[in-house]
Amino acid sequence: GLKHMYMVPVSGSGRGKTQDGVDAHDFIENWCVASQTAKALHMSLDHPVLDLDRLRADGFACGINGSNFAVMPDGKVSLCYEAVIPGSLQDQLFGVGGYVPDKQTFETDLVRINEIRHSFHVSKRSVCDNCFCRSNCAGRCAARELGSPENPREFPMTSGCDVTRTLTALKIAELAWQGEQ
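Basis of the calculations
- Residues numbered from 1 in each chain as written.
- Predicted model: local features only at pLDDT ≥ 70, side-chain atom pairs only at ≥ 80, totals over all residues.
- Heavy atoms only, no water.
- Helix = DSSP H or I, 4+ residues; strand = E, 2+ residues; numbered from the N terminus.
- Buried < 20%, exposed > 50% of the residue type's maximum accessible area, 1.4 Å probe, protein only.
- Contact = heavy atoms within 4.5 Å.
- Expected span 1.5 Å × (residues − 1).
- Arc of directions from axis to C-beta.
- Polar contact = N/O pair within 3.5 Å; in protein donor to acceptor, adjacent residues only side chain to side chain.
- Pairing = 2+ DSSP bridges.
- Axes fitted to C-alpha atoms, helices over the stretch in contact; angles between N-to-C directions.
- Salt bridge = Lys/Arg side-chain N within 4 Å of Asp/Glu carboxyl O.

1. Considerations on the overall build of the protein chain
And then number 1: Within the protein chain one finds 5 helices and 6 strands.
And then number 2: Listed N to C, the secondary structure of the protein chain is β-α-β-β-β-α-β-β-α-α-α in terms of helices and strands.
And then number 3: Based on the C-alpha atoms only, the size of the protein chain along its principal axes is roughly 65 × 40 × 30 Å.
And then number 4: Counting every position in the protein chain, which comprises 181 residues, the buried fraction comes to 38%.
And then number 5: Contacts in the protein chain between residues at least 24 apart in sequence constitute 56% of all its contacts with a sequence separation of at least 6.

See below:
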């Protein structure tokens with residue numbers, strides 16, 4: 001049966017564009033209840049930032065560093081799984097190529113991929129400079145934490161940041177408490 005669950009808040013981008021944002025306090029309260037319920041059922045509950053052994057030293061929260069390639073139904077290739085709405089800012093920013101029917105192959109733009117790697121690195125999000133979660137969060141999902149097209153990583157802290165910092169602090173406290181046992 002089911003032994004492991006992954007829980008993240010919905011965001012107002014990509015597939016969640018029509019959804020309201022999540023209140024960080026409500027999410028954390030519900031996370032704590034869900035976590036206790038999962039333990040009682042001998043299950044684990046996870047979130048992307050809770051694996052403190054998996055630091056994101058490369059400065060990316062996901063595969064937009066060039067390791068992800070999502071093929072859309074129309075044949076476009078994107079580095080981002082959130083860039084699913086045609087014509088959206090995410091679609092424009094993360095598109096790197098597509099299927100070329102005449103050649104019967106996919107082509108990607110390596111220059112564009114490298115531009116994305118440069119533009120969306122956590123170091124481009126100044127609000128992260130002094131955050132203690134910088135190495136395990138890496139600026140969060142670039143598609144969800146998106147500024148203007150001119151400066152896409154210059155975006156203020158969000159409720160997602162609050163969730164990340166709170167869950168990380170709770171995980172550190174849990175590990176410290178386990179260490180004292």
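Picking up where we left off.
2. Description of helix α5 (residues 159-180)
And then number 1: With 22 residues, α5 should cover 32 Å at 1.5 Å per step; its first-to-last C-alpha distance of 32 Å lies within 8% of that length.
And then number 2: Those residues of α5 that fall on the buried side of the exposure criterion are G160, C161, V163, T164, L167 and T168. Down the axis of α5, the buried set is contained in an arc of 160°. They therefore lie on one face. Seen from the open side of α5, the exposed residues pointing more than 90 degrees away from its buried face are W177 and E180.
And then number 3: Among the structural elements, α1 (24-40) and α4 (134-137) are those in contact with the buried residues of α5.
And then number 4: Residue T158 occupies the N-cap position of α5, its side-chain oxygen lying 3.1 Å from the main-chain nitrogen of G160.

3. Re the pairing of strand β6 (residues 105-108)
And then number 1: Pairing analysis gives 4 bridges linking strand β5 (residues 95-100) to β6, with the strands arranged antiparallel. By the bridge assignment, Y99 is partnered in β6 with F106.
And then number 2: Where β5 folds back onto β6 in an antiparallel hairpin, the turn is made up of 4 residues, including Q104, whose phi is positive at roughly 50°.

4. Some details on the sheet that holds β6
And then number 1: Strand order in the open sheet made by the 4 strands is β3-β4-β5-β6, with antiparallel pairing throughout. Edge strands, defined here as strands with exactly one partner in the open sheet, are β3 (70-71) and β6.
And then number 2: Against the sheet, helix α3 (residues 110-119) touches β5 and β6, its axis set at about 155° to β5.

5. Some remarks on α3
And then number 1: Regarding α3, the residues found buried are R112, I113 and I116. End-on view of α3: buried residues confined to an arc of 105°, all on one side of the axis. Along α3, exposed side chains directed more than 90 degrees from the buried face belong to L110, V111 and H118.
And then number 2: Where α3 is buried, its residues contact α2 (89-94), β5 and β6.
And then number 3: The backbone nitrogen of V111 lies 3.0 Å from a side-chain oxygen of the residue at the head of α3, namely D109.

6. With respect to the pattern of salt bridges
And then number 1: For the structure on display, the rule yields 6 salt bridges.
And then number 2: The salt bridge partner of D129 is R134, with a shortest N-O separation of 3.3 Å.
And then number 3: By relative accessible area, D129 is classed as partly exposed at 41%.
And then number 4: Notably, a salt bridge pairs R165 with D162, separated by 2.5 Å at the nearest N-O pair. Of the two residues, R165 and D162 are both situated in helix α5; the distance of 3 residues between them amounts to about one turn of the helix.
And then number 5: By relative accessible area, which is 23% here, R165 ends up partly exposed.

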